[in-house]
Amino acid sequence: HEESVGVQNQACGALWNLSVNNGNAIAIAKGGGIRVIASTMKTHKNSAKVQAKACGALRNLACHNDDNTITITPTQSGDTRIAIVMSLSHAVS
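Keep in mind that this is a model prediction, so the values were computed, not measured.

Chemist: Would you mind showing me how to read the overall build of the protein chain here?
Modeler: Assigned secondary structure in the protein chain consists of seven helices and zero strands. Shown N-terminal to C-terminal, the secondary structure of the protein chain runs as helices and strands in the order α-α-α-α-α-α-α. When each of the 93 residues of the protein chain is scored for burial, the buried share is 40%. Taking all contacts inside the protein chain whose residues are at least 6 apart in sequence as the whole, residues at least 24 apart take part in 63%. Of the roughly 5300 Å² that the protein chain leaves accessible, carbon and sulfur atoms contribute 57%.

In structure tokens form, the structure reads like this:
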């Protein structure tokens, strides 16, 4: 369902909600969730809803977890939006 904007919108929303909990954030990252979110952002770059929920999830993943913050870097993803999420997470924390 990678091509379905509706499915990816719901998935990013679920990851956003789940990633509020640090234990969940660690599990999401260990399960490859950061890579999947970045891929979804690229696939659905024209969907504002997907982008917003993906950014929310990445922000939560980076906000209170140094290991995840290191993983979410613009050099690894090649995506400026993820760099912005990192900046926001540091500004809030």
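Chemist: Looking at this structure, how should I read the environment of Ala62?
Modeler: Checked against the element boundaries, Ala62 lands in helix H4 (residues 48-63). Owing to a relative accessible area of 2%, Ala62 belongs among the buried residues under this scheme. Sequence separation of Ala62 and Ser19 is 43 residues, and the distance between their C-alpha atoms is 9.4 Å.

Chemist: Sorry if this is basic, but what is going on with the nonpolar core here?
Modeler: Side chains of a nonpolar character, in soluble globular proteins, are inclined to be buried together. Counting eleven residues, the largest nonpolar core consists of Cys12, Ala25, Ile28, Ile34, Ile37, Met41, Val50, Ala54, Ala57, Leu58 and Leu61. Counting residues per element, the ones that place at least two in this core are helix H2 (22-30), helix H3 (33-43) and H4. Element by element, the count of residues in this core is highest for H4, at five residues.

Chemist: Explain the side chain of Ser19 to me, please; I cannot follow it from the model alone.
Modeler: Mapped onto the secondary structure, Ser19 falls in the loop between helix H1 (5-18) and H2. Those residues in contact with Ser19, other than ones at most four positions away along the chain, are Ala25, Ile28, Ala57, Asn60 and Leu61.

Thresholds applied
Residues numbered from 1 in each chain as written. Predicted model: local features only at pLDDT ≥ 70, side-chain atom pairs only at ≥ 80, totals over all residues. Heavy atoms only, no water. Helix = DSSP H or I, 4+ residues; strand = E, 2+ residues; numbered from the N terminus. Buried < 20%, exposed > 50% of the residue type's maximum accessible area, 1.4 Å probe, protein only. Contact = heavy atoms within 4.5 Å. Areas by Shrake-Rupley, 256 points an atom, 1.4 Å probe, with all protein chains shown as cover. Core = buried A, V, L, I, M, F, W, Y, C linked by side-chain atoms within 4.5 Å.

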